[in-house]
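Examining the three-dimensional arrangement
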Amino acid sequence: MEGREPSTRPSRTTPASPRVNPALVKRPRFQTLARFWEGQDVLARWTDGLLYLGIIKKVDSAQETCLVRFEDNSQFSVLWKDIFPPAVPGKEQLCCVCNSQACTPDNKLVHCGKCKHAYHQECHVPSVPCDTDSAGSSWMCRQCVFAVATKRGGALKKGPFARSMLQMKLSLPYQLKSLEWDPLHLTNKQQCYCYCGGPGEWNMKMLQCCRCLQWFHEACTQCLSKPLLYGDRVDVSHLVLYHLSICCKKKYFDFEREILSFVNENWESLLLGELTDTPRTDRYSHLLHALTAEKDRFTLCGRRRLKKKRRCCFDSRAGLLPS
């Protein structure tokens, strides 16, 4: 069973682009490639792979980022590549990728049937079939397919949107070999992860491919049978404390009432491999031993040291790193 989402996460919006009334839009003080300006309503991709509605508060052309305020009033700096402005009705359309209107017989501008944005057939990933009808087309762009098909806990597995997403996932919107990774291969400079190409945090519900080592969002993955837990890359003791700290927003947790109870309730979701068959009666001693023996990693709450061990509280002392 999955814990509640962190309170700092913006609330999920509907996947359709925000409606815009041209008569009510304030004229921007300045624009960036005629796409971004202060006060503009946008959809921005969050590190969980999902799109959320927000408003641009500041445009930084040097860093190619925008400060976006989301519906829960949180503000974060988002890269241009992860921001999707609405299509303005009546405005002459340019390709979302190359910002050009030039066309050839083999590379026409096609319009997404949902968000109404325009793409050159060859600019979109994957390329748009030549028989796609640009007028009143039912074709959906990559952004809209992911917006409709992704959800917390994993993407749709059945239905037309699930099939469309499978097709989109055959091609990545970036060059995997061009990404610049840190020494532990946890983050890359370009902030490109997953099938969606959006930002991410490796310890926040992401899976790493054992072959290419890229990280993938839980929301974009269609093969999961159980939801991920926060920090699901480490041993169970560290994982449980980290997950509880993210969900409950506090430091210390009672061993029996909170830690052991959470482990028993989520035993199957922890995917413990060889430890899966551990009897429920043995979990108490194994988990308590791990917490008390690893003193460099776990802190015992000073207020409860004189009480019985079964009532002691623990905190994760070390930073979260992959095992």
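Residues numbered from 1 in each chain as written. Predicted model: local features only at pLDDT ≥ 70, side-chain atom pairs only at ≥ 80, totals over all residues. Heavy atoms only, no water.

Regarding its fold elements, the protein presents five helices and twelve strands. Out of the 323 residues in the protein, the part that is buried amounts to 46%. The long-range share in the protein, meaning contacts at least 24 apart out of those at least 6 apart in sequence, stands at 53%. Approximately 17600 Å² of the protein is accessible, and the part contributed by carbon and sulfur atoms is 53%. (Helix = DSSP H or I, 4+ residues; strand = E, 2+ residues; numbered from the N terminus. Buried < 20%, exposed > 50% of the residue type's maximum accessible area, 1.4 Å probe, protein only. Contact = heavy atoms within 4.5 Å. Areas by Shrake-Rupley, 256 points an atom, 1.4 Å probe, with all protein chains shown as cover.)

Another point: the packing of helix 1 (residues 142-149) against helix 2 (residues 160-168). Packing of helix 1 against helix 2 brings their axes to within 9 Å, and their N-to-C directions diverge by 130 degrees. It follows that helix 1 is oblique to helix 2 by the angle criterion. Regarding helix 1 and helix 2, the two cross each other, and that crossing is left-handed. On helix 2, the residues that touch Arg 142, Val 145, Phe 146, Val 148 and Ala 149 of helix 1 are Phe 161, Ser 164, Met 165 and Met 168. Split by residue class, the contact of helix 1 with helix 2 holds seven nonpolar, one polar and one charged. (Axes fitted to C-alpha atoms, helices over the stretch in contact; angles between N-to-C directions. Parallel < 35°, antiparallel > 145°, perpendicular 65-115°, else oblique. Left-handed = near helix turned anticlockwise from the far one by under 90°. Nonpolar A, V, L, I, M, F, W, Y, C, P; charged D, E, K, R; others polar.)

The next subject is helix 1. Of all eight residues in helix 1, seven are buried, a share of seventy percent or more. Regarding helix 1, the residues found buried are Arg 142, Gln 143, Cys 144, Val 145, Phe 146, Ala 147 and Ala 149. Here the buried face of helix 1 lies against strand 1 (41-45), strand 2 (51-60), strand 5 (83-84), strand 7 (118-120) and helix 2.

Okay, the environment of Leu 67 next. In this fold, Leu 67 is placed in strand 3 (residues 65-70). Excluding its chain neighbours within four sequence positions, the residues that come into contact with Leu 67 are Ile 55, Ile 56, Lys 57, Lys 58, Gln 75, Phe 76 and Ser 77.

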